[in-house]
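# Examination of the molecular architecture
These are the residues of each chain, in order.
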Amino acid sequence: MASRDFTRQLAGYGLTTATILYRMPDHPRLLQSYIWQDYDLAPRFPELRHFLDFWRRELDGALHSVTVAHARLIKPAEIVAARELLLH
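Bear in mind the structure is a predicted one, so any value in this text is a computation, not a measurement. (Residues numbered from 1 in each chain as written. Predicted model: local features only at pLDDT ≥ 70, side-chain atom pairs only at ≥ 80, totals over all residues. Heavy atoms only, no water.)

## A closer look at the overall build of the protein
The helix and strand tally for the protein stands at two helices and three strands. Taking all 88 residues of the protein together, 22% fall into the buried category. For the protein, restricting intrachain contacts to residue pairs at least 6 apart in sequence, the fraction spanning at least 24 positions comes to 60%. For the protein, the exposed surface amounts to about 7,100 Å²; the carbon and sulfur share of it is 55%. (Helix = DSSP H or I, 4+ residues; strand = E, 2+ residues; numbered from the N terminus. Buried < 20%, exposed > 50% of the residue type's maximum accessible area, 1.4 Å probe, protein only. Contact = heavy atoms within 4.5 Å. Areas by Shrake-Rupley, 256 points an atom, 1.4 Å probe, with all protein chains shown as cover.)

Structure, rendered in structure tokens:
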């Protein structure tokens with residue numbers, strides 16, 4: 001059985017990395033960074049948006065900025081049906 005990550009890649013998901021800068025709750029002038037990484041769909045990024053909604057709702061550190069990098073690791077042209085070859 002194929003892994004969940006591989007199945008998602010075949011469905012168009014790509015590896016997404018977000019660098020999140022947020023303000024320290026006790027020292028709002030200081031910025032801290034957090035790296036988030038998961039498979040997501042560009043350009044809407046529903047998984048990242050879900051995580052950021054959770055952040056705003058549950059965590060004290062106010063978001064300053066989010067920088068996103070996205071790469072599809074498997075592209076449709078790279079998937080080829082393989083034939084069985086038997087060598088003696």
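## Topic: the side chain of Thr16
Within the element layout of this structure, Thr16 appears in strand β1 (residues 14–23). We classify Thr16 as buried; its relative accessible area is 0%.

## A few points about the pairing of β1
Two strands pair when backbone bridges link them, and β1 and strand β2 (residues 31–40) are joined in this way by 10 bridges, in the antiparallel orientation. Bridging from a neighbouring strand, Ala18 pairs with Trp36 of β2. Bridge count for β1 against strand β3 (residues 63–71) is eight bridges, and the pairing is antiparallel. Bridge assignment links Ala18 to a residue of β3, and that residue is Val68. (Pairing = 2+ DSSP bridges.)

## Considerations on the sheet that holds β1
Taken in spatial order, the three strands make up an open sheet running β2-β1-β3, and their pairing is antiparallel. The open sheet has two edge strands with one neighbour each: β2 and β3. Across the sheet, the axes of successive neighbouring strands diverge by a mean angle of 15°, strand direction being ignored. Strands in contact with helix α2 (residues 46–58) are β1, β2 and β3; relative to β2, the strand with the most contacts, it is inclined by about 145°. (Axes fitted to C-alpha atoms, helices over the stretch in contact; angles between N-to-C directions.)

## A few points about the nonpolar core
Formed by Ala18, Ile20, Tyr22, Trp36, Phe45, Leu48, Phe51, Leu52 and Trp55, the largest nonpolar core amounts to nine residues. Sorting the residues of this core by element identifies β1 and α2 as the ones contributing at least two each. In terms of residues, this core owes the most to one element, α2, which gives four residues. Not counting residues up to four positions away in its chain, the partners in contact with Ala18 are Tyr34, Ile35, Trp36, Leu48, Val66, Thr67 and Val68. (Core = buried A, V, L, I, M, F, W, Y, C linked by side-chain atoms within 4.5 Å.)

## Brief notes about the environment of Tyr34
Here Tyr34 shows up in strand β2. The exposure class assigned to Tyr34 is partly exposed, which follows from its relative accessible area of 35%. Measuring from C-alpha to C-alpha, the distance between Tyr34 and Ala18 comes to 8.2 Å, with 16 residues separating the pair along the chain. For Tyr34, the contacting residues outside a window of four places in its chain are Ala18, Thr19, Ile20, Tyr22, Phe51 and Trp55.

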